[in-house]
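Tertiary structure, described
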Amino acid sequence: MEKLKLNNTPVRTARNFAINNIEVLFEMPKEIRKFKNVEIINDKSIIDNEVSNKELTYGTGKILEKLIFEEANNKIRIQTTKQKEDIKIIYNFDDNNLNLINQIEIIANNDTNVTIIYKSKTSRTCFHNGIVRTTAKENVQLNVTIVNMLNENTDNFEAIENTLYQNSNVKYTIIDIGGKTSVSNYYSNIIGTNASNDLKTIYLGRNNQIKDINYIAELKGEKTNIDIDVQGALKDEAKKNFKGTIDFKRGCKKAKGNENENCMLLSNKAKSIALPMLLCTEEDVEGNHSTSSGKVDEKQLFYIMARGISYKEAVKLIVKSKFNNIIEKIKDDNLKEEILKEIDERLD
Amino acid sequence: MDTHNLKIYNEREKMKTQVEDINRNIYDIKNKDDYEIKIQGLNREIVEEISRLKNEPDWMLEIRLKALKMYEELELPTWGPDLSELNMDDIATYVKPKSKLNSSWEDVPEDIKNTFDKLGIPEAEKKSLAGVGAQYDSEVVYHSMKEDLIKQGVIYTDMESAVRDYPEIVKKHFMKCVPISDHKFVALHAAVWSGGSFVYVPKGVKLDFPLQSYFRLNSPESGQFEHTLIIVDEGASLHFIEGCSAPQYNKVNLHAGCVELYVKDNAYLRYSTIENWSKNMMNLNTKKAIVGKNAQMDWVTGSFGSKVSMLYPMSILNGQGSKTEYTGITFAGGGQNLDTGFKVIHNAPNTSSVINSKSISKDGGACTYRSLVRINENAKNSKCSVSCESLMLDDISRSDTIPVNDIRTDEVEFSHEAKIGKISDKTIFYLMSRGLSEEDAKAMIVRGFAYPISKELPVEYAVEMNNLINLELEGAIG
């Protein structure tokens, strides 16, 4: 077993604040066979496995990145054609498909909806280490939904890199409720004038789950925009690190950046660390961030319980209502139901 | 102004408002580098020599030597501003001025007295202070306090006298609030510390006027390592003001002071700092307070000077129901990298903290707000609210916000808000539509930005702070 320092923040702060990176005990899977239980639902795009091996700007960590470039057992490149497209990729972990090392690359030439789902149909220890690279060409609307519903014996590492060209609009929805240690890195390179990126995330931790979330948005083009909204809840002894950076680069005049993270603590042993950073070398910008932590609102609880609902159910209702603002944006009704059911079970 | 005019106003080429640098005429007065003793560099012999010159007890020398070992072992911070320009071999660790400790300004040597006169210290003492300490290079040259406070048992003296006259109190508290292992520059401080103030306010004694210590570094290529130890006993109350300045030299100077504050149960302490070091100063200061049951610790900080600052005062809320407030403003001009902020540890139930930080960056200056809020498992029903605003006055400057919020219990209310940007044209338009000229509107906005800080300072110092941010308004900000 090797101790890896992963998910470095773009700017370091004091070491004893314990947030610059996360230390993870990493064991290389003994056997990496082809991952067969993958389903791709799409009928129009050009699909191959010629993914780019270009180094990531940030990523979860160089060792994990190298592992992907050298030993990926699943590679998917999708170049969308000229019509509006819906793409769905589902990875089903089972007893014969325990380890996934994958690369997905989406080049959106036109309006595109992409949904990537990781599911466990086994309780055995699994491993996922992946890269999702998306590019939104000029004037394109790209919606990406990533759902992690892996079992709690699975280490999950995901690096996302997103590039936006002029007038593009990219909406990312990330549902991060699975995994034992779940390390996710999101880097948005907002180059094009007027490009806009919306990132919404839900995380839910229970038992001894660890969530390490590192989001970095670099605003480079004029009138660019980033909006980050993260809603989470922690039960039992779960632990979460949220690192969110909005970096206004020189020249991004009239750019706007907003970041909001809210963590509901459902246990007195849960731990929440947040580092919401604003970095700025441009004058004519507007940047805001806010974070909040605390238990479920007592007035809301009282109101619901006064209507005959138990404490446990009332807490679930409040958490789900916070999450629902994000979940309701998902267009696939079946998936929406599946996520809500999963959250319901994990809140029990 | 109607919509059409607003459009024209927005579109025309705007002249930038010039926010002038701090007028440093007073602070830049250089006296001849005239000293009795000047010791350059850092090693065991030097540390022993400083201790010998001060005729210290063995226990203090032991702390110094232990700290020196720690300094050699600890690494430079791997984060924050670049400190590579600092070479300890070039820094004078001890500079004894040609003056003994005096209790009358008349006895202070002429050139030193003139410096403090121009800084307005004796005048402020007469008007609004209960006591004054003045340090010149490594030694305190003046210390005085009002008679009635002496009668009430208040102790306000230089640190060397405190080590000699109150060894038990000092031994119990010295480098206990800030352990020598905290970081490299704390260890350096403990090895070569010299000067500083010691304050003890007995139980129930409330001081109506503040005490002030002023630290002046005159000697080039030297360090100032003053130690401030304040104990406000149960139910007592104190406002302490710290001022710092130095003339500008071409070579690097170093300030690595240490402030240890003990606010006992039901006590109150306000610690105000106007820091106006010259732009060749590395300001690597450490300040920490331990706050008792139902006690309150307030920090008011204005950081205007120095080339590099790394300064993060800290409150440790150990007593149930204890409170802390931090109000700080940082102003970074050309060539300055000011990394400032606040740290608070909630260590007991029902504790609360309020953090309010503002920064202004201009002319290529860099401001960083860096902080830590930690609410521990036992701090049930604690509250913390953080607000952080940064104003960018041009596009060659830099402004970063790096706050860490570490929450380890569910029974808390925690919120953090930060904003970054320029002064909005809409606000200027709003004020102008109410009859203000463009210049007055902008002046009002910038002064309003700094107001939450200046209102916390005693009137005399608020005026000084407003003078420090000398606005010369011309055209628009932004």
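What you see is a predicted model, and the numbers here were worked out from it, not measured in a lab. (Residues numbered from 1 in each chain as written. Chains lettered and ligands numbered in written order. Predicted model: local features only at pLDDT ≥ 70, side-chain atom pairs only at ≥ 80, totals over all residues. Heavy atoms only, no water.)

As a further point, take a negative patch on the surface. Residues and elements named next belong to chain B. Taken together, the side chains of Glu-106, Asp-107, Glu-110 and Asp-111 make up a negatively charged region of the molecular surface. Tracing the chain through its elements places Glu-106 in the loop between β3 (92-97) and α4 (110-118). A relative accessible area of 65% places Glu-106 in the exposed class. (Patch = residues over 30% accessible without salt bridge, like charges linked within 9 Å, V, L, I, M, F, W, Y side chains within 5 Å. Areas by Shrake-Rupley, 256 points an atom, 1.4 Å probe, with all protein chains shown as cover. Salt bridge = Lys/Arg side-chain N within 4 Å of Asp/Glu carboxyl O. Lys, Arg positive; Asp, Glu negative; His and termini not counted. Charge placed at Lys NZ, Arg CZ, Asp CG, Glu CD. Helix = DSSP H or I, 4+ residues; strand = E, 2+ residues; numbered from the N terminus. Buried < 20%, exposed > 50% of the residue type's maximum accessible area, 1.4 Å probe, protein only.)

Attention now goes to the side chain of Ser99(B). Residues and elements named next belong to chain B. Looking at where Ser-99 falls in the secondary structure, it is placed in the loop between β3 and α4. In this structure the side chain of Ser-99 is engaged in a polar contact, spanning 3.4 Å, whose partner is the side chain of Asn-102. Ignoring sequence-local partners within four residues, the contact set of Ser-99 consists of Pro-109, Ile-112 and Val-141. (Polar contact = N/O pair within 3.5 Å; in protein donor to acceptor, adjacent residues only side chain to side chain. Contact = heavy atoms within 4.5 Å.)

Counting residues at the interface gives 43 residues for chain B and 40 residues for chain A. Across the interface of chain B and chain A, roughly 3,400 Å² is buried in total on both sides, 50% from carbon and sulfur atoms. Three residues stand out in chain B for area buried against chain A, namely Asp395(B), Asp410(B) and Ile420(B), and they jointly supply 17% of the buried area on that side. Where chain B meets chain A, there are 4 salt bridges. Between Asp284(A) and Lys422(B) there is a salt bridge, with its nearest N and O atoms 3.5 Å apart. The interface formed by chain B and chain A contains 20 residue pairs in polar contact (both at pLDDT 80 or more). Of all the secondary structure elements, the ones that give two or more residues to the side of chain B that touches chain A are β23 (366-375), β25 (398-407) and β26 (412-421) of chain B. (Buried area = accessible area lost by both parts, 1.4 Å probe.)

Glancing now at the packing of aromatic side chains. Where two aromatic rings form a pair, the distance of their centres and the angle of their planes describe that pair. Residue and element names in this part refer to chain A. Per the stated rule, a full pass over the model turns up 21 aromatic pairs over all chains. Centre to centre, the rings of Phe-26 and Phe-157 are 6.4 Å apart; their planes meet at 70 degrees, and the pair counts as edge-to-face. Placement of the pair is Phe-26 in strand β2 (residues 22-26) and Phe-157 in strand β11 (residues 155-164), with a sequence separation of 131 residues. An identical accessibility class is assigned to Phe-26 and Phe-157; each is buried. Look at Phe-35 and Tyr-91: their rings are 5.9 Å apart centre to centre, the planes differ by 70 degrees, and that puts the pair in the edge-to-face class. (Phe/Tyr/Trp six-rings, centres within 6.5 Å; stacked < 30°, edge-to-face > 60°.)

Working definition: two side chains of opposite charge can pair if their charged atoms are close together. According to the stated counting rule, one finds 50 salt bridges over all chains in the structure shown. The closest approach of N and O atoms between Lys3(A) and Glu23(A), which form a salt bridge, is 3.5 Å. Residue Lys3(A) is located in strand β1 (residues 2-6), and its partner Glu23(A) is located in strand β2; the two are separated by 20 residues in the primary sequence. Look at Lys3(A) and you get exposed, because its relative accessible area is 58%. Two residues, Lys287(B) and Glu242(B), come together in a salt bridge whose shortest N-O distance is 2.8 Å. With Lys287(B) in strand β16 (residues 286-291) and Glu242(B) in strand β11 (residues 237-245), the pair connects residues that are 45 residues apart, well separated along the chain. Several salt bridges share partner residues, and in doing so they unite Lys312(A), Glu313(A), Lys316(A), Lys320(A), Asp344(A) and Asp348(A) into one network.

Among the nonpolar cores identified, the biggest contains 97 residues, and Tyr91(A), Tyr118(A), Tyr172(A), Phe248(A) and Leu238(B) are the most heavily contacted of them. When residues no more than four places from it in sequence are discounted, the contact partners of Tyr172(A) are Val132(A), Thr134(A), Val144(A), Ile146(A), Ile160(A), Asn162(A), Tyr186(A), Asp198(A), Leu199(A) and Lys200(A). (Core = buried A, V, L, I, M, F, W, Y, C linked by side-chain atoms within 4.5 Å.)

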